[in-house]
Amino acid sequence: MAFSSLFWPPLLFRQVCLLAGMMGLLCLRHPAPALLGLALLWLLDWPRSRPLAPALGLALSFGLGLAYAWGLEPPKKLAEPAWVTEAVTPTEDKSSLYHKGVWLSGTIREATPLPGERLRLILDQVRPEETTQAGSAPAPYLPDGLVLTWQKPVSYLAHAGPGQRLYAQLRVRAVRSLANPGVWETDAYWRDRKVRYRAWIQDDGGNSGKNAPPRLEGEPSALWAARQKVYEAALRQLPREKGKNAPGRADGATAESTAKAAASGPPGGTGGNSASVAAAPETPPLTPSAAMLLALLFGDRSLLTPEQITLVAKSTLAHSLALSGLHLGYAAALAYGAVALLGFMLPALFLRAPRPRLGLALALPFAAAYLWLGAAPPSLVRSALMLLFWAWLLWRDRPKALLDGLIWAVALILLVSPASLYDIRLQLSALAVASIALIAPLLSALLFPARFAPTPSASRLAPLIRRMSGPLRVALSLLAVSFAAQAALLPLTADAFTSTGMWFPLNLLWLPVLGAFVMPLAFGGLFFSACSWALPAQACFWLAAKPCAWLLDLLAWMDGAGILYAPATQRPHWLCAAGFWLLLLCLPPLIMRRTFTPRLALLCLCGFLFLIAPTALRGLEEQRDATRLRLMDVGQGQAVLLEWRGGGRLLIDGGGFAFGAFDSGRHILAPALTDNRPPELEWMLNTHADLDHLRGLLDLLARFRVGAFGRAAADPGKGRDAEERDKLLAARRIPLRLLKAGDSLALGPGLRLDVIYPPEISPASSNNNSLVLRLVRGGKGLALICGDVETPGLRRLRASGRPLEAEVLVLPHHGAASSLDPALYDAVRPKLALASCGYGNQWNFPSAKVREALGARNIPLRSTADRGQIGIEWDGDGGMRVKAARD
């Protein structure tokens, strides 16, 4: 029975081999999903695939070997120069390279603007400059690249480009994930890009005048410099806010001013940068709609705020801002429009060259130009390769094959860069195109039944479809394609973003406007600005920005009205995702053929079993008589998750970061809590309102189902985070419980969480009014969780006479010396002490004094900085097991 009997056309030999090679690339890190994918590929194409076993095995081996040669195997320990070891090793010596930073130079490999006025530079050939003595050999390079993230860079450095040499004083750290099982690994992502070190700059690079400002040397690559000239020409003509002045991040900077700012001088000298900073012109900021045009034309979303990005994501329109085949198609459509205009003016032209060939020949340069302007992200490269493949087929008078072009494009990308397999941009782009390619035959058969062999479904729909007008059919097709793409992407979006919007019908409103109005006018403005024709450029950009402004206003209104809601979703197990896609693949044969062959029945059964198996296994695990504590790795903060029999969960604190757009709730806790689990919590507690304990809870309060929220009655908290917490509790109607010493929360049979501090009224500070919680099972103390209580509060706690014994002590205030109380350790008598702190934190938590006091009592200490997430499990017999993410 051929695969075509399942409605889909049979896979070609080359397609099967290319897909098997991709499974080989995946196999090195994820062997189980890769082997299951290969088995399903075999089953889908049975019996044609039966004689292909040797070829499939060879393709799988080739992919596996390519992955190993590229370095996708587990990480290896690299030999580091002495200066690197000193720079990345925490120390209490404030004069060390770790604290004061190292004056480095590095060659820029990539420069990427990020939302929120951030710039990310990847540097190669990085080495220290100030440690090199005159006449001595240069210091050794970093063994791998360094990624530098710059918040609001100064104007003369905002458009630094590949090939230039950057000199700056940086605090170097090793790239290190916040290690929580099931959550995206930052270090793996950067390791695939040959980067193992990072640095961060939050001001002009001078550390508030303490260091010399950074400087540039050399010229960027010719292609980058030409792109920047086009970018700056467009930037000068884009609409700006009226009546507002703000320091121009890059708005006043030109290639000439950047070159002047790259003044020579010894490393550490001020060079000519101070004058450049002082002379940076003040220009009105771009309007939000103009910032959208920058994103659509150049992929530069740095002038969009995180709030605007979130609004677009919640509306399921984020793909319209991420440069992809959609935008490349708009660029190619301009070429076909130009050909149509030429044909109208010179009809004899088509006698020499057929319209399809002429249009595609002109579309290729348009696509190449847009690829260059967009800085060639993987999704855009995939689209350009597909267009090139179609051009080759057309030149050879062969029909276009969407799926074949997709497989070839992805295979070529992976051949050059195998690590792109794990790039979410390529995954989303390829899967969306694959879903459209597979759903197109079904849509055509349903919407245009006269062109295809009649089927029972098509026969019944035919009279209705014939009465439809052309525009209505087009709108219906667009809606169906959008729905198909969203459905196919659902497992990936739920896994990567822990939420899914419900407003994909907005694509029906926005995409036609984007393609027919916004993009042509934006391209026109780009052309006129490059030609220095200011008035037509401004007119085009102004008109193109209007629909963008209307869209942002509409989304803001919907969000304010509470209808632009993107709830958190359960992150599917990879086996669930495989089952979902398999059932989706079997749906068209069932709809169109109305036949249930044995092989189709087997595929549906496999898909159903894959879909339910992880949830069933989780249910069995939750029925075990066990109590678990998970100290989450949230960096320099604290978050503790308690789990008990029956699937109950309680979260204490959520971590939080003071700077940047990284949200510990959205990016750490939500993925960890929804990993094959629904987004719900029985309880959420906040020990006190400091941002490193409260801020991460806000996103969960907005998107999770929370049974009740508790905080200390003695400390209501103040500031923006506390106000946002109270608003969310009121808007979501989440019950609030004010806790004080003597309260107790019943969690399960024989399991409770006692509040032993503070009293209802306390004049102490916020830290010393933190909740202190004791987990008790059957009268036995399992864990004592102390918030940020400092030594005076701990003394009052001991004086209260409440029982403190527990097997696990979560150290107060992340292990700070200000919360050192050896008498507390004697009263608790723990088997294990835990500290929640960030890797390489500037305070060097846990403190040396705390380590010494614990060591003197033979109490082992583990910290999230060293071990990542730390899990403790107590079984029904009282036995305790410890497991850490980095063990």
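Residues numbered from 1 in each chain as written. Predicted model: local features only at pLDDT ≥ 70, side-chain atom pairs only at ≥ 80, totals over all residues. Heavy atoms only, no water.

Enquirer: Help me understand empty space enclosed by the protein, please; the structure alone is not making it clear to me.
Expert: To find leftover empty space, a probe the size of one water molecule is rolled over the atoms. By the definition in use, this model includes one cavity of 30 Å³ or more. Contributing to the lining of the largest cavity are 13 residues, with Pro113, His159, Trp224, Arg227 and Gln228 lying nearest its centre. Among the secondary structure elements, those contributing two or more residues to the lining of the largest cavity are strand 1 (102-114) and helix 7 (222-237). It is helix 7 that provides the largest number of residues to the lining of the largest cavity, a total of four residues. Considering only residue class, the lining of the largest cavity consists of seven nonpolar, three polar and three charged. (1 Å grid on protein atoms, 1.4 Å probe; cavity = no way out; pocket = protein on both sides within 12 Å on 5 of 7 lines; lining within 4 Å. Points joined across faces, edges and corners; volume = space filled by probe spheres on them. Helix = DSSP H or I, 4+ residues; strand = E, 2+ residues; numbered from the N terminus. Nonpolar A, V, L, I, M, F, W, Y, C, P; charged D, E, K, R; others polar.)

Enquirer: How do you make sense of the sheet that holds strand 22 (residues 861-863) when you look at a structure like this?
Expert: Strand pairing in a sheet relies on backbone hydrogen bonds. The paired strands run either parallel or antiparallel. Strand order in this open sheet of seven strands is 16-17-18-19-20-21-22, and the pairing throughout is mixed. Unpaired on one side and paired on the other, strand 16 (744-748) and strand 22 mark the two borders of the sheet. Sheet twist, expressed as the average angle between the axes of neighbouring strands with direction ignored, equals 20 degrees. One ladder, built from three bridges, connects strand 21 (residues 832-835) with strand 22; its direction is parallel. Bridge pairing in strand 22 links Leu834 to Arg862. (Pairing = 2+ DSSP bridges. Axes fitted to C-alpha atoms, helices over the stretch in contact; angles between N-to-C directions.)

Enquirer: Sorry if this is basic, but what is going on with the layout of surface pockets here?
Expert: By volume, the second largest pocket is sized at about 930 Å³. In terms of lining, the second largest pocket is formed by 31 residues, of which the most central are Glu621, Arg628, Arg630, Glu643 and Gln869. For the lining of the second largest pocket, the elements supplying multiple residues, two or more each, are helix 23 (598-622), strand 10 (626-631), strand 11 (640-644), strand 12 (648-652), strand 23 (870-875) and strand 24 (880-884). The element contributing the most residues to the lining of the second largest pocket is helix 23, with five residues. Class assignment for the residues of the lining of the second largest pocket results in 12 nonpolar, seven polar and 12 charged.

Enquirer: I tried to follow the environment of Arg733 on my own but got confused; where do I start?
Expert: When you line up the elements, Arg733 lands in the loop between helix 26 (720-732) and strand 15 (736-739). Overall, the relative accessible area of 76% leaves Arg733 in the exposed class. For the pair Arg733 and Gly707, spaced 26 residues apart in the sequence, the C-alpha separation amounts to 9.8 Å. (Buried < 20%, exposed > 50% of the residue type's maximum accessible area, 1.4 Å probe, protein only.)

Enquirer: Help me understand the packing of aromatic side chains in this model?
Expert: In this description, an aromatic ring pair is defined by two values, namely the gap between the centres and the angle between the planes. Per the stated rule, a full pass over the model turns up 10 aromatic pairs. Considering the side-chain rings of Tyr189 and Trp190, the 5.0 Å spacing of their centres and the 75 degrees angle between planes classify their relative orientation as edge-to-face. Overall, the relative accessible area of 19% leaves Tyr189 in the buried class. Aromatic side chains Phe527 and Trp533 sit 6.2 Å apart centroid to centroid with 85 degrees between the ring planes, which places their arrangement in the edge-to-face category. (Phe/Tyr/Trp six-rings, centres within 6.5 Å; stacked < 30°, edge-to-face > 60°.)

Enquirer: I'm lost on the confidence of the model for the protein in this one. Help?
Expert: Where the model shows low pLDDT, its predicted coordinates should not be examined in detail. Scored by pLDDT, the protein has a mean of 83; 86% of the residues are at 70 or more. Mean pLDDT in the protein bottoms out at helix 9 (residues 273-279), which sits at 36, and peaks at strand 20 (residues 808-810), which reaches 97. With pLDDT under 50 throughout, residues 451-455 is counted as low confidence; its partners more than four residues away or in other chains account for four contacts. (pLDDT = per-residue confidence, 0-100. Contact = heavy atoms within 4.5 Å.)

Enquirer: What is the right way to read the pattern of salt bridges from this model?
Expert: A side chain of one charge can pair with a side chain of the opposite charge when the charged atoms of the two come close. A full pass over the atoms with the stated rule returns 34 salt bridges. When the shortest N-O distance is used, the salt bridge between Glu110 and Arg193 registers 2.5 Å. Of this pair, Glu110 sits in strand 1 while Arg193 sits in the loop between helix 6 (186-192) and strand 6 (195-201), and the two are 83 residues apart along the sequence. With a relative accessible area of 18%, Arg193 lands in the buried category. As a salt-bridge pair, Glu622 and Arg618 come within 3.3 Å of each other at their nearest N and O atoms. Residue Glu622 and its partner Arg618 are located together in helix 23, separated by four residues, close to a single helical turn. Here Glu622 and Arg618 have matching classes, each one buried. (Salt bridge = Lys/Arg side-chain N within 4 Å of Asp/Glu carboxyl O.)

Enquirer: Please explain unusual backbone geometry as it appears in this structure.
Expert: Phi is mostly negative for residues that are not glycine, and the peptide bonds are mostly trans. Residue Pro758 follows Tyr757 across a cis peptide bond; omega there is 0 degrees. Within the secondary structure, Pro758 sits in the loop between strand 17 (751-757) and strand 18 (772-777). Cis rather than trans, the peptide bond between Phe845 and Pro846 has omega equal to -5 degrees. Among the structural elements, Pro846 can be located in the loop between strand 21 and helix 29 (848-856).

Enquirer: Explanation requested: the pairing of strand 17 in the structure shown.
Expert: Side chains on a regular strand alternate between the two faces of the sheet. In terms of burial, strand 17 is largely enclosed, as six of its seven residues are buried. Where strand 16 meets strand 17, four bridges bridge the pair, whose relative direction is antiparallel. Among the inter-strand pairings, Gly748 is bridged to a residue of strand 17, identified as Leu751. Counted along the chain from strand 16 to the antiparallel partner strand 17, the turn is two residues long, and its residue Gly750 has a positive phi close to 75 degrees. Bridging between strand 17 and strand 18 involves six bridges; their strand directions are antiparallel. Considered in strand 18, the bridge of Leu753 is made with Leu775.

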